[in-house]
Amino acid sequence: MAETKKFIIEIEKAREAKDGKPSIGPVYRNVIVKDGFRPLPQGLESCWDSFCQSVEKYPNNQMLGEREMVDGKAGQYVWLTYKEVYDLVLAVGASVRSCGVTQGDKCGIYGANCTRWVVSMQACNAHGLYCVPLYDTLGAGGVEYIICHAEISIAFVEETKISELLKTFPSSEEYLKTIVSFGEVTQEQREVAASFGTNIYSWSEFLLLGKSKKYDIPVKKKADICTIMYTSGTTGDPKGVMISNESILSVISGVNHHLESINEEVSVRQMCSFPISHWHIYLTALLKNCSSQRAPRLDSGIRQDIKKLLDDIKELKPTVLCAVPRVLDKIYTGLMEKISSAGVVRQTLFNAAYAYKLHNMSKGYKHSEAAPKIDKLVFKKVREGLGGKLRLILSGAAPLSPNVETYLRVVTCAHVLQGYGLTETCAGSFVARPDDLSMVATVGPPLPVVDICLESIPDMEYNALSSTSRGEICIRGKCLFSGYYKREDLTKEVMIDGWFHTGDVGEWQPDGSLKIIDRKKNIFKLSQGEYVSVENLEGIYSLASTIDSIWIYGSSYESFLVAVVNPNLDSLERWAEENKVDGDVSAICRDTRAIDYILGELTKTGKENKLKGFEFIKGMYLEPVPFDMERDLITPTYKKKRNKFLKYYQKPIEDMYKNTK
């Protein structure tokens, strides 16, 4: 039997538990940097320097594209070249400086993906401003909190979001002095802004401010902060993750080194369906530099409607598609529906072709060599439906179902890879390798820019020193964040001896790829990338008088929450009597009317407490027997053993997810 190829190398030995500290597994890094990480190129100090290099190399290449709207319908893509973007960035930067904004000030950007979002970001990079994305997924008051906490003095905003931004007054009037619309501004909006001493401009008006003025581009250093990215991932207020120029440049270097090691070039046309507000670190890297002979092009638009998104894909004909699992799940579902409705003969032929190609890929054939004739005869339509030129699908933000990943690897005739990283690690830390089916359901080996170790979690029975090493993923490297803005206390909680503790639990695979298997804290990440703090939600839902206890679960492969609930039996029996529902307590708990009733009460409680959409429970199992120690569900101090709950209620959970869709 052939020896398994290993993509990582040990650089430090494991350490046993000592002085109350848990044991730590060996420290690994990508085998291609066994002798040390590649240094950054000379003269490259900031993200702006890197972008300027691309402009110098590829001035006339297309860089940013958007679909123009003609009579309310999407038309062709309209592109700006690198030089055109550069000139526009300089014009925007001059106008920013004319407002008195200088190096080190904070600039907010609020809106959906568009060319002007990226241009505004580059203007920040040029003049050394801290780029601070604003987004409303943090819930009511999220934008207001970020403006005030980061002390944002100028904000670029999508036309449709201006009213939301103005609602942050009067709280933000001490800081926010200039608002720039990506489009137009109404007279009413001007009056509201003026009443708080804030200037507001349309895009065209703003560009005129600096037209006759010249400002020197300030000198920037690697250690300077490039962006403050507020995370929506935990309890309490959002945390501002400070990312330096060096962090982003290091990730760029690591990605390029990785691509060289697998003989892949950066694509010349890329499409990102991630919201820029959450993924602008990735886009900063993407638009700064590339290892191909042509600079990449980016479609900066995003569609929430999957049909419209697929239409965009057909028009753009991308070679790289970056998407969250939820988008890929919908593409998978759409393909399955088409196959099932194609008739028995076509369905049988398609399934046989799929099985044949998958078998060959499992034997080690590259996807392009596994069944080339079948690709042309059977899978060609799938490929054409995704533009016809797709080479790589990169999934991130949450785990992608192994079934979906395998299926898309076969039928799209493209590499489908999962990646893993956090805002604190500058987005990218791991990525799977192409043409290796053994890496399905993993995030692959680490990028050649980080060191990785696993730390044991005794309470969860994860041992980093066991034959199958499991533990909290800890990351070290120059790509790490510089700390949480104004929260040194929180920084010290996760940065210990130079290691960032992610809170995610990983399991090393024999080849050196990593599988994400759990979350150390009681926080789930749903398929759309949203984090859910279940303990906090359980506290809120427990306010409902109709329940005694609740356990909430969220699968990373699903977009909604389910729960197992101990109903208040007195309340339930009263309801049953009033609604003529017969039977004992167990029978009542199985009655769909009772389930709908309790679920309705929980929904009411959620609305009263202003929960976000993804925090509402969609599926519920009523358990008449109180959660107890006899079934090992709770500790003597009544804390829930979540891994035991998951195991004990596995069947009801599967049924809830199956029946709720």
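Calculation notes
Residues numbered from 1 in each chain as written. Predicted model: local features only at pLDDT ≥ 70, side-chain atom pairs only at ≥ 80, totals over all residues. Heavy atoms only, no water. Salt bridge = Lys/Arg side-chain N within 4 Å of Asp/Glu carboxyl O. Helix = DSSP H or I, 4+ residues; strand = E, 2+ residues; numbered from the N terminus. Buried < 20%, exposed > 50% of the residue type's maximum accessible area, 1.4 Å probe, protein only. Arc of directions from axis to C-beta. Contact = heavy atoms within 4.5 Å. Expected span 1.5 Å × (residues − 1). Axes fitted to C-alpha atoms, helices over the stretch in contact; angles between N-to-C directions. Parallel < 35°, antiparallel > 145°, perpendicular 65-115°, else oblique. Nonpolar A, V, L, I, M, F, W, Y, C, P; charged D, E, K, R; others polar. Disulfide = S-S within 2.5 Å. Core = buried A, V, L, I, M, F, W, Y, C linked by side-chain atoms within 4.5 Å. Pairing = 2+ DSSP bridges. pLDDT = per-residue confidence, 0-100.

Per the counting criterion, the structure on display carries 28 salt bridges. Between Lys 520 and Glu 472 there is a salt bridge, with its nearest N and O atoms 3.1 Å apart. One end of the pair, Lys 520, is in the loop between β23 (514–519) and β24 (523–525); the other, Glu 472, is in strand β19 (residues 470–476), and 48 residues separate them in sequence. The exposure class assigned to Glu 472 is buried, which follows from its relative accessible area of 3%. Linked by salt bridges that have partners in common, Glu 12, Arg 29, Asp 451 and Arg 476 make up one network.

With that out of the way, let us pick up helix α19 (residues 569–578). One turn of an α-helix holds 3.6 residues; hence residues three or four places apart share an orientation. Listed as buried for α19 are Ser 571, Leu 572, Trp 575 and Ala 576. The buried residues of α19 occupy one face: seen down the axis, they fall within an arc of 135°. Residues of α19 that are exposed and point over 90 degrees away from its buried face: Asp 570, Arg 574, Glu 577 and Glu 578. Buried positions along α19 lie against β27 (561–567), α20 (585–590) and α21 (592–608). Lys 580 lies just past α19 and shows a positive phi near 55°.

For the rest of this paragraph, the subject is helix α8 (residues 245–261). Here α8 spans 25 Å end to end across 17 residues, near enough to the 24 Å set by a 1.5 Å rise per residue. Buried residues dominate α8, accounting for 13 of its 17 residues. A positive backbone phi angle near 55° is found at Asn 263, which sits one or two residues after α8.

The subject of this paragraph is the packing of helix α12 (residues 344–362) against helix α16 (residues 402–411). Running from amino to carboxyl end, α12 crosses α16 at an angle of 100°, the nearest separation of the two axes being 10 Å. With respect to α16, the element α12 is oriented roughly perpendicular. From α12, Phe 350, Tyr 354, Lys 357, Leu 358 and Met 361 reach across to α16, where they touch Thr 406, Tyr 407, Arg 409, Val 410 and Val 411. Of the residues belonging to the contact of α12 with α16, the class tally is seven nonpolar, one polar and two charged.

One pass over the full model with this rule turns up zero disulfides. The thiol sulfur of Cys 107 is not disulfide-bonded, and the nearest other cysteine sulfur, from Cys 124, lies at 3.6 Å.

In this section: the nonpolar core. The biggest cluster of nonpolar side chains holds 44 residues, and the ones touching the most others in it are Tyr 541, Ile 550, Ile 552, Val 565 and Leu 602. Going through the elements one at a time, α18 (534–541), β26 (547–553), β27, α19, α20, α21, β28 (617–622) and α23 (650–660) are the ones with two or more residues in this core. Residue contacts for Leu 602: discarding those within four places in its chain leaves Tyr 541, Ala 544, Ile 547, Ile 550, Val 565, Ile 617 and Met 620. Judged by nonpolar contacts, the second largest core, of 35 residues, contains Ala 323, Tyr 354, Leu 386 and Leu 437.

What follows concerns the pairing of strand β5 (residues 106–110). Of all five residues making up β5, five are buried, and the element is well covered by its neighbours. Alternating positions in β5 separate into two faces, Lys 106, Gly 108 and Tyr 110 on one and Cys 107 and Ile 109 on the other, with burial throughout. Bridge count for β5 against strand β6 (residues 130–134) is five bridges, and the pairing is parallel. Looking at β6, one finds that Cys 107 is bridged to Cys 131.

Once that is clear, we can look at the confidence of the model for the chain. Of all residues in the chain, 91% have pLDDT values of 70 or greater, and the mean over the chain is 88. Counted against residues more than four places away or in other chains, residues 284–302, with its pLDDT under 50, gives 88 contacts.

Peptide bonds are trans in most cases, and residues, glycine excluded, mostly fall at negative phi. Cis geometry is found at the peptide bond from Phe 169 to Pro 170, where omega equals 5°. Relative to the elements of secondary structure, Pro 170 occurs in the loop between α5 (162–166) and β8 (178–181). Positive phi, close to 65°, is recorded for Lys 486, a residue that is not glycine. Within the secondary structure layout, Lys 486 lies in the loop between β20 (483–484) and α17 (488–494).

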